[in-house]
Amino acid sequence: MASNQDKKSGLMSHAIARLYKQRLEEVERELLLAQQPEPPTVDDAAPLSESEEENTTDASSGEDTDVEDIQVEVEMPDHPYGDLSCEDGLRMWALQTGQTHRSLNLLLGHLRHHFPQTKLPRDARTLMNTPASRAPETALTPIAGGQLWYQGVEKCLLSYFRDCQPTQEGFELNIFVDGLPLYKSSRTQFWPILMQAHNVPHTPVMTVAIFCGESNPLFVKEFLQPFVDEMNRLYVTGLTIKSRSYWVEARAIIADAPARAFIKGVKSHNAYSACMKCTIVGELDGHRMYFRYAEQCPLASKP
Ligand SMILES: [Zn+2]
């Protein structure tokens, strides 16, 4: 279990590192673009791309010096962050150079001391707009087969409607459940619970919960229980947004055949007793399951 968790936190940090790198590349691209309009004094390195190409065809040593030239050029201008405000420039610099929160906090403290008029934030998280997060451990619940991150219907709706008041009387929710592999090379899979308010046009699909594990959740009850409990609670008490009360109802649960069989706790679509409506039993022909629909089958009893 511990190794499982390690692996997962490893995955998370990979994803974060990837996002971080992407952002960094964007920032650098923006910077390069911002600097292009004012070509500096016509040096040997002025037409960047051309000289680079020429040099790569030469020797590798030539390429190195050229790369250095470019970097020097990027770092040297008097106003590296153009017209950005002091705070935005600082944020850009922190992203570009990969500053830690600790070093940023020290710098912010120093700057605030010497330049109180700049009104810089006290904390690196404020400067970098780091979303306030609860400790991830509290949001992740280990369940059989993996971990469940449960955000909740109420939280999704409250977060989406934090700046505006919905005009509807309530919310008719479409619920989606599906299992999807994360990688081709591993068995890690996601089982998200998504929802969308059917009667409120233009609302996005929101993520209620995500299960992540090496298999599907072993017990459907563990997977669905928090969601079922919350929906039951909301059905009874309603949801309050800015002191106005709204009813909440599930309109439909939308899932493909395997996910549907899983959340209903019945046989999978390729099993002998796969039909959810009648008691027909299939026959196996090689790898193929088929059902003789000619005969009349008694209907399945309702669960
Ligand atoms: Zn049937």
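Our subject is the structure that appears above.
All values reported here derive from a predicted model rather than from experimental measurement. (Residues numbered from 1 in each chain as written. Predicted model: local features only at pLDDT ≥ 70, side-chain atom pairs only at ≥ 80, totals over all residues.)

1. A closer look at the overall build of the protein
- Per the secondary structure count, the protein includes 10 helices and 10 strands.
- Out of the 303 residues in the protein, the part that is buried amounts to 11%.
- Sequence separation of 24 or more characterises 54% of the internal contacts of the protein that already satisfy a separation of 6 or more. (Helix = DSSP H or I, 4+ residues; strand = E, 2+ residues; numbered from the N terminus. Buried ≥ 20, exposed ≤ 12 C-beta atoms within 10 Å, placed from the backbone. Contact = placed C-beta atoms within 7 Å.)

2. Digging into the nonpolar core
- If you look at the biggest cluster of nonpolar residues, it comprises 21 residues, and the most contacted ones within it are V153, V208, A209, F211 and V248.
- With residues up to four places along the chain from it excluded, the contact list for V208 reads Q151, G152, V153, C156, I193, L194, M195 and F227.
- Counting residues in hydrophobic clusters, the runner-up holds 5 residues, among them L90, L108, A124 and L127. (Core = buried A, V, L, I, M, F, W, Y, C linked by C-beta atoms within 7 Å.)

3. Some words on the pairing of strand β1 (residues 140-143)
- Strand direction decides the pairing type here: β1 and strand β2 (residues 146-150), joined by 4 bridges, are antiparallel. In the strand pairing of β2, T141 is matched with L148.
- The hairpin formed by β1 and β2 contains 2 residues between the paired strands, and G145 there has a positive phi angle of roughly 100°. (Pairing = 2+ DSSP bridges.)

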